[in-house]
Amino acid sequence: MSEARSLEVVFPGDTNHLGTLFGGTLMAWMDRAAYFAASRRARGTVVTRKVDELEFRVPIHVGDFVELVATVEAEGRTSMSVVVEVHREDPADGARELCTTGHFVMVCVNDDGTPREIPPL
Ligand SMILES: CC(C)(COP(=O)(O)OP(=O)(O)OC[C@H]1O[C@@H](n2cnc3c(N)ncnc32)[C@H](O)[C@@H]1OP(=O)(O)O)[C@@H](O)C(=O)NCCC(=O)NCCS
């Protein structure tokens, strides 16, 4: 199964008034991670069809490192189910914890945006 990993660092401009990572920014990072994993598997362009079970368990603070791991867990004819896990890492001591998870349905598309069959592995 295809997987993609990406790293971010939380800057003050990424936060809300509590000094923790703004949820909308994290959702964009997760969507990108899901894109990387699905596009790598489909060898082409994909679009987001559905986002499900997005759960913000633990806040992420300014200065934290953020690791996103996206994994294609299942695939159909044109669609893929991608799970994204987000861990924060405290740069001071390396402590890591799972903060957020989400399930994405990504659809492989042609240049005109119509669904395209996922090529065989
Ligand atoms: C994604 C899109 C191309 C699908 O087009 P469509 O005409 O609905 O295509 P289909 O009905 O054939 O569905 C395509 C696949 O998505 C799956 N799908 C559609 N809706 C779904 C849902 N709500 N949940 C799970 N899977 C779904 C279908 O089962 C099918 O999968 P399969 O081929 O593996 O069986 C179209 O809905 C679209 O362009 N949506 C907007 C995408 C977008 O702008 N995203 C944000 C920016 S990336």
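Scroll up for the structure.
In short, a report on the structure.

Cut-off values and rules
Residues numbered from 1 in each chain as written. Predicted model: local features only at pLDDT ≥ 70, side-chain atom pairs only at ≥ 80, totals over all residues. Heavy atoms only, no water. Helix = DSSP H or I, 4+ residues; strand = E, 2+ residues; numbered from the N terminus. Buried < 20%, exposed > 50% of the residue type's maximum accessible area, 1.4 Å probe, protein only. Pairing = 2+ DSSP bridges. Axes fitted to C-alpha atoms, helices over the stretch in contact; angles between N-to-C directions. Contact = heavy atoms within 4.5 Å. Salt bridge = Lys/Arg side-chain N within 4 Å of Asp/Glu carboxyl O. Near = heavy atom within 4 Å. Polar contact = N/O pair within 3.5 Å; in protein donor to acceptor, adjacent residues only side chain to side chain. Core = buried A, V, L, I, M, F, W, Y, C linked by side-chain atoms within 4.5 Å.

This part covers the overall build of the protein chain. Broken down by element type, the protein chain carries 1 helix and 5 strands. Ordered by position from the N terminus, the helices and strands of the protein chain form the series β-α-β-β-β-β. Across its three principal directions, the C-alpha atoms of the protein chain cover 45 × 25 × 20 Å. A total of 121 residues make up the protein chain; the buried ones form 38% of that total.

Let us look at the sheet that holds strand 2 (residues 46-56). Spatially, the 5 strands line up as an open sheet ordered 1-3-4-5-2, and their pairing is antiparallel. Two strands close off the open sheet at either side, each with one partner strand: strand 1 (3-9) and strand 2. Averaged over all pairs of adjacent strands, the angle between their axes in this sheet comes to 20 degrees, without regard to strand direction. Looking at chain direction, strand 3 (residues 65-75) and strand 4 (residues 79-89) are connected through 10 bridges and run antiparallel. If you follow V72 over to strand 4, its bridge partner there is V82. Relative to the sheet, helix 1 (residues 23-42) contacts strand 1, strand 2, strand 3, strand 4 and strand 5 (96-108), its axis offset from that of strand 3 by approximately 45 degrees.

Another aspect to go through is the pattern of salt bridges. Side chains that carry opposite charge are capable of pairing whenever their charged atoms lie near each other. As enumerated under the stated definition, the model contains 9 salt bridges in all. Across the pair E67 and R96 runs a salt bridge whose closest N-O atoms are separated by 3.0 Å. With E67 in strand 3 and R96 in strand 5, this pair connects stretches of sequence that are 29 residues apart. Judged by its relative accessible area of 43%, R96 is partly exposed.

With that settled, consider the site of the ligand. Taken together, 13 residues surround the ligand, and among them T48, R49, R77, T78 and S79 come closest. Between the ligand and T48, the relevant distance is 2.9 Å, taken from a nitrogen atom to a main-chain nitrogen or oxygen of the residue. At 3.4 Å, a side-chain N or O of K50 approaches a nitrogen atom of the ligand. Mapped onto the shell around the ligand, the elements with two or more residues apiece are strand 2 and strand 5. Counting residues per element, the shell around the ligand draws most heavily on strand 2, at 4 residues.

So, about the pairing of strand 4. Hairpin geometry of strand 3 and strand 4 is characterised by an intervening segment of 3 residues between the two adjacent antiparallel strands. Between strand 4 and strand 5, which pair antiparallel one after the other, the connecting turn spans 6 residues, and G94 there sits at a positive phi close to 75 degrees.

With that out of the way, let us pick up the nonpolar core. Grouped together as the largest cluster of nonpolar side chains are 26 residues, with contacts concentrated most on L26, I60, L68, M80, V82, V84 and V86. Looking at this core, the elements with two or more residues in it are helix 1, strand 3, strand 4 and strand 5. Examining the composition of this core, we find that 8 residues originate from one element, helix 1, more than from any other. Those residues in contact with M80, other than ones at most four positions away along the chain, are A38, R41, A42, V46, V72, A74, E75, F104, V105, M106, C108 and I118.

Here 7 bridges tie strand 1 to strand 3, and the two strands are oriented antiparallel to one another. Opposite R5, over in strand 3, you have V69 as the bridge partner.

These values are about where atoms sit, not about what they do.
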